[in-house]
Amino acid sequence: MRPLQKVEMDVFETMLARRSVRGYKAQDVDQVTTHILLEAAVRAPTAMHQEPWAFVIIQDRTLLSNLSDRAKPLFLADIKTQQDSAEHANHTMDVLSKPDFNIFYDAGTLILICGKTDAASFSADCWLAAENLMLAACAMGLGSCVIGCAIPVFNISEVKAMLGIPNEFSVVAPIILGFAEDETVMPNPRKPPVILTSLAAT
Ligand SMILES: Cc1cc2nc3c(=O)[nH]c(=O)nc-3n(C[C@H](O)[C@H](O)[C@H](O)COP(=O)(O)O)c2cc1C
């Protein structure tokens, strides 16, 4: 385990501070930091201790821009086949249809969390790892965002081969990372938790 960077926030403060960052500075994230984030990711709970995850790190803005261009029409086609709420789908289609829109928001780092598909709960395991990674990033002063609309492009055989992802893995969680352009943006609010039932022995 690498020496941990000193962070200013405790876990709960970090959960409250995390937000999806959609604008990044040109400054790159160094490799020591990305590796510390992976160590945080693999501390996540994992069904039957299978640890079915593996990671791809992409730090090439030209490649990311090309992948964004390939991802947009695929995701648009997916949306059109889904009976999503029309208002939400229309907004997403408008944004994705803009030629200059980069689905990775010009971030310099993308981490793909890939799951071994023969593992019992690979998807759940990978998403838990994703949250660990994003919270650790936040605690280290980095912004992050899940880019779910990129998932279809990363699961094309040719793209997987280009990125060295073996067939037995599926890309579950693409996460961009970088330094937030605007550090004054507040986290999004949440509805209060809906408690359906709260049972306690009397
Ligand atoms: C499975 C998943 C997929 C997502 N895909 C995208 C995406 O493609 N693009 C994007 O900008 N944000 C994406 N997000 C981020 C959500 O929009 C964001 O988490 C939500 O609006 C709440 O905002 P917050 O993260 O700032 O609290 C995704 C989040 C999740 C969990």
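## Brief notes about the packing of aromatic side chains
For the structure shown, the criterion picks out two aromatic pairs. Pairing phenylalanine 101 with tyrosine 105 gives two aromatic rings, centres 5.6 Å apart and planes at 80 degrees, and the pair type is edge-to-face. Under the relative-accessibility criterion, phenylalanine 101 is labelled buried at 19%. Judged by centre distance (6.3 Å) and plane angle (45 degrees), the ring pair of phenylalanine 104 and phenylalanine 154 falls under tilted. In this pair, phenylalanine 104 sits in the loop between helix 4 (86-97) and strand 2 (109-116) while phenylalanine 154 sits in helix 6 (residues 151-154), placing the two residues 50 residues apart along the sequence. Judged by its relative accessible area of 0%, phenylalanine 104 falls in the buried class.

## Overview of the site of the ligand
What surrounds the ligand is a group of 13 residues, the closest being Ser20, Arg22, Tyr105, Gly148 and Arg190. Between cysteine 149 and the ligand, the recorded distance is 3.0 Å, taken from a backbone N or O atom to an oxygen atom. Out of a free accessible area of 630 Å², the ligand has 62% covered by protein chains. Considering only residue class, the shell around the ligand consists of six nonpolar, three polar and four charged.

## Description of the nonpolar core
Counting 32 residues, the largest nonpolar core has Ile58, Ile103, Phe104, Leu112 and Phe154 as its most contacted members. Within the residue set of this core, elements represented by two or more residues are strand 1 (53-58), helix 3 (61-81), helix 4, strand 2, helix 6 and strand 4 (169-178). The leading source of residues in this core is helix 3, at five residues. Aside from chain neighbours lying at most four places away, what touches phenylalanine 104 is Leu64, Leu67, Ser68, Leu110, Ile147, Ala150, Phe154 and Ile176. Of all hydrophobic cores here, the second largest spans 25 residues; its members include Ile36, Ile111, Ile113 and Ala119.

## Here's the deal with empty space enclosed by the protein
With a probe scaled to a water molecule rolled over the atoms, the places where space remains empty come into view. Scanning the model with the defined rule gives one cavity of 30 Å³ or more in all. Forming the walls of the largest cavity are Tyr24, Lys25, Gln27, Asp28, Val29, Arg61, Ala107, Gly108, Thr109, Leu177 and Gly178. Among the residues forming the lining of the largest cavity, the class breakdown is four nonpolar, four polar and three charged.

Parameters at a glance
Residues numbered from 1 in each chain as written. Predicted model: local features only at pLDDT ≥ 70, side-chain atom pairs only at ≥ 80, totals over all residues. Heavy atoms only, no water. Phe/Tyr/Trp six-rings, centres within 6.5 Å; stacked < 30°, edge-to-face > 60°. Buried < 20%, exposed > 50% of the residue type's maximum accessible area, 1.4 Å probe, protein only. Helix = DSSP H or I, 4+ residues; strand = E, 2+ residues; numbered from the N terminus. Near = heavy atom within 4 Å. Polar contact = N/O pair within 3.5 Å; in protein donor to acceptor, adjacent residues only side chain to side chain. Areas by Shrake-Rupley, 256 points an atom, 1.4 Å probe, with all protein chains shown as cover. Nonpolar A, V, L, I, M, F, W, Y, C, P; charged D, E, K, R; others polar. Core = buried A, V, L, I, M, F, W, Y, C linked by side-chain atoms within 4.5 Å. Contact = heavy atoms within 4.5 Å. 1 Å grid on protein atoms, 1.4 Å probe; cavity = no way out; pocket = protein on both sides within 12 Å on 5 of 7 lines; lining within 4 Å. Points joined across faces, edges and corners; volume = space filled by probe spheres on them.

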